Amino acid sequence: MDDIKLNYDTEASGPFTLGETLTFGGGGVAELVLLYDEGATGEMYCKMISGSNPLNNETITGGSSSATALLDGNAFVSRFPVKIAEDTSYTASSGNIRWTGPNLGTTHSCKFDGQTVNLTLGEILTFGNGSTAELIEQTDSGGSGELFFRMISVTPPADNDTISGGTSSGDGNVDGAVHTRAYTPNNLHYWFADKGDDATFVGNDEQDRTKPRISQRVGVTDVLALGSANIDDTMSYHMYSGSWVQGGGSPTEYNAVAIAVVDADGSTEPVIIQSNALLSATTTEYWKNAYMPNAASRINMLIKVNVAGTVTDRRVVRFRALEYLRNYFTAPDPTLSGGITPVSLVATDDGNNSTAAATVATWSDAIFTYGYATVDHNNGNGAQPYWAVGDIASRTKPQFHERYKWVQRRGTSETILGLNAQLIVGNDLTFNFDGESGTDITHGDILTFSGNSTGTALVLGVNYATGTTGELYCQRLTGDVPLDDAVITSDGGGTAVVNGTPVDRLIINNLFGSFTGTAFNPANIGLTLEAADADTSDLYTDLLEAQQQPPNNQTGTINTAISNVVTVYPWDGAATDAVGDPAPDFVRLATSVTLSGASETQATVTGSIPTWVPQVGFARITTDAGVRRIVPYSSWSGSVFTFTSNEDFSGDNATSGNGLMPSPIDQVVVSASESFTGVYTANQNKAADADQQFVVRVTNASGATAKQPATNTATFTSGGFSLNVTLIND
C-alpha cells in the first residue's frame, strides 16, 4: 500500500493523534505518521492500510482522537516512505544527516497484536501471505508491540496477516500498516526538499524555508549533497538504489549496487571484498541475501568508493558467492560509479559437496602445500611447476574437494598464505622480474608496485632464473596490472623491477577448478595433487599454462588381518613351484651393474622399469650366494632404483645379470590392509603382451595359533585390484 501526503480543512474535534488509524469517506484506511496541524487546516503523511487513496472532499475520521476533517484536494503518493521522519535527522549547523531509526538490517516494520507466545530476535518469521523475514528488533507490550525485520521475500505482509516464528513458535497478527524503513538518495532529497517549504522546522529536521537547499538530483537515481550536508557510513547502510555524493571539491561518494543472485532457494549470501578486505569486517553482513529486495535483484545497497577525494582501489569491488554446498563463483570485478551498478552471482548446487561442515572441519590432514614446486606426473613431460600441491593423505579426492570448499566457505576464519581464505582467487597475475636486491621474494609476501604503476599483489610462487631474476606468480589484490619497469617492494624486505608485460587472467570458479566427482578437470592455473594422489582422469594446468594429464595411477590392495604377512610378487602367469603353487618371477628384471661395495646406493637394471612398480617399495635382489635379499628403495627412474639407505654387498655380491624382482608388498600387515600404487599401462608383463599378474601370499604361522597360508593370484588392470584374504586356523 502507498505512502501518501494530503492536505485537509474544516477540522473539527481535533487535533488528530499520531499513530492513530484514519478512515476516509471512500473506504480507505491509513495510519497517521506525520501531522502538521494548523487548527482547522493542516497536512498529513499517512501509510495506507487498505482501500484506495482518498480524493478531494472525502471525510477523514480519526480512530482514537475522534477528530474529523475534509480532504483539501486529492491525496498523492509521497516521494518518500513516511517513516523517514522518525529514521533521519538533519542538523543545520553541521549539515549532518544521521540515522535515528531501528537497528542495522531492518528493511520494514509493523505493529502486531494477538500474540500468545513471544518471538525471538534473529529467527525467521513467516507471514500469512507466505512471505518471510528475519526479526531484527522488537518492542513487546504483552500481546502487542512493534516488529522491525529484514524482508527475505519480495512482497511484504499486509494488515491482519498471521505471524509465525521459525524457532520460537511465537505468534501474532500484523496490526495495521507495514512500513518501509530503508531509503534511496532520492527519498532523502525529496524529504528535505519537502521540509524546505515549511515556515519553521518541527522535530529533528532543522530544515525550513529560511535554510539553504540540502541537495539536488543528478540524473535519475543520484543525489549531490550541497554545502556541508553529509551522511555518514551508518546512514549509508540504510540506503539503496542510487548514488550519494557529498563534500564539494574533495568528494565522498557512496555508489549503488544491485546484486542478482541466481541460486536454488534464495539463501546464498554474497561475500563482498573492497581493497583486499572483507566488507563484513567493518559492517557485518547486514545485506545478507535480501536487503531491500525487488523484482530485478535481491540485494540493493550503497558502498563508499571515495573518501574526501581519495578513491578506494579504483572504485573496484569484488563480489563472490562462497556458499558451502554450492559451486563457488566470482563475478568479473565491477567498477562502481554513478547510477546503479548491476552484479550477477551464480551459485548452483554442488552435487559433490554434501558432507556437513562440522564433519569436514575435522579433515585437517588433507592439505595444500604452497609455494613454487615441481611435480612429475610421470606422463613423459617431466617435472612441471605449480604454486600449490595437494596431499589427500587419508582422504579421498571427493573429500579433498569438500575440504577446500570448507576452507573457503563464506564466513571462514581459515587462512591461505596469511590472508583470510575468502580473499584467495588464484594465479591471476604473472610477470618476470629483474634487479632483485635485499631479502629474496618468496610466497606469502605482499608486493607493492610504485613508479609507473600502483597496486598490490600476493606472491603465490617464485621461480628464480638467477639470483636476481625470475618469474613471479601472484594474485592481484589492489590496483592495476603493473607495467614494465614498475618498482616492486616486498613486505619481506626485497625489491625488484617488473621486466616485460605481465599476464593477467580472469578466474571465476572454485580455487581448485571444477570437480566431476572423480576428477579435477579442468583445474585453475598452478594447482595440482601430488603425483601419488593424481590419476589419468585429472587434468591440471601448470604455471607454464600447459595442461598436464597424469598417467593412470592404480592401486593393488590386500585386505586381511593385522599381523598377517603379505607378499605381492610378480608372476609370469604359468610357472609353479615344487608344490604346485604359482611361483614368483624372481628374475622379473636383471641387474646390469654388479653390486659389490660396502655402501651401495642404487641398482641399475637392464631395460626400463615397468610403470606398475610403485615409486617407493621393496626389491628382492638375488645375490651370488643365491640369497633373495630384500632391499627397500625410496624412488626409481628409468632403469635405476635408489635405495632408502646404503646397502652392504661386499660380503655377498650381486653380479651383473643376477635377478632383481620388484616386490610391491613384502611386509607384516599393521592396519587391516596393505596396498601399493603404480601406474597402469597396457602390456606391462615380462613378455610385453598383457597386464602384469601377481602371486599374492598371506601367511601367519608364528603366532600362538598357527594359520593355514593362502595363495592367490591377481592382475594389475586399468582399475588396479583388490583382494580380501581371511586365514583359517591350521
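Parameters at a glance
- Residues numbered from 1 in each chain as written.
- Predicted model: local features only at pLDDT ≥ 70, side-chain atom pairs only at ≥ 80, totals over all residues.
- Heavy atoms only, no water.
- Pairing = 2+ DSSP bridges.
- Helix = DSSP H or I, 4+ residues; strand = E, 2+ residues; numbered from the N terminus.
- Core = buried A, V, L, I, M, F, W, Y, C linked by side-chain atoms within 4.5 Å.
- Buried < 20%, exposed > 50% of the residue type's maximum accessible area, 1.4 Å probe, protein only.
- Expected span 1.5 Å × (residues − 1).
- Axes fitted to C-alpha atoms, helices over the stretch in contact; angles between N-to-C directions.

A. Examining the sheet that holds strand β45 (residues 617-622) more closely. Reading across the sheet, the six strands line up as β43-β48-β45-β46-β47-β44 and stay open at both edges, with antiparallel pairing between neighbours. Single-partner strands in this sheet number two, and they are β43 (589-590) and β44 (600-604). Judged from the two bridges that link them, β43 and strand β48 (residues 659-663) form a sheet pairing that is antiparallel. Residue pairing for β48: A590 is matched across the bridge by G659.

B. Structural detail: the nonpolar core. In terms of nonpolar packing, the biggest core is built from 42 residues, with W387, F400 and F512 touching the most fellow members. Sorting the residues of this core by element identifies β21 (271-274), β28 (367-376), β29 (383-391), α6 (397-408), β34 (455-464), β35 (470-479) and β38 (527-529) as the ones contributing at least two each. Residues I558, L595, F716 and L723 belong to the second largest nonpolar core, which totals 34 residues.

C. Geometry of α6. Along its 12 residues, α6 runs 17 Å from first to last C-alpha, staying within 8% of the 16 Å computed at 1.5 Å per residue. In terms of residue burial, α6 counts as a mostly covered element, since 10 of its 12 residues are buried. Every buried residue of α6 is accounted for by K397, F400, H401, E402, R403, Y404, K405, W406, V407 and Q408.

D. View of the sheet that holds strand β41 (residues 552-559). One open sheet accounts for three strands, arranged β50-β41-β53; its pairing is mixed. Each having just a single partner strand, β50 (673-680) and β53 (721-724) make up the two edges of the open sheet. Across this sheet, the average inter-strand angle for adjacent strands is 15°, counted without regard to direction. Pairing of β41 with β53 involves four bridges; the strand directions are parallel. When the bridges of β53 are listed, T557 appears paired with S722.

This is a description of form; function is not addressed.
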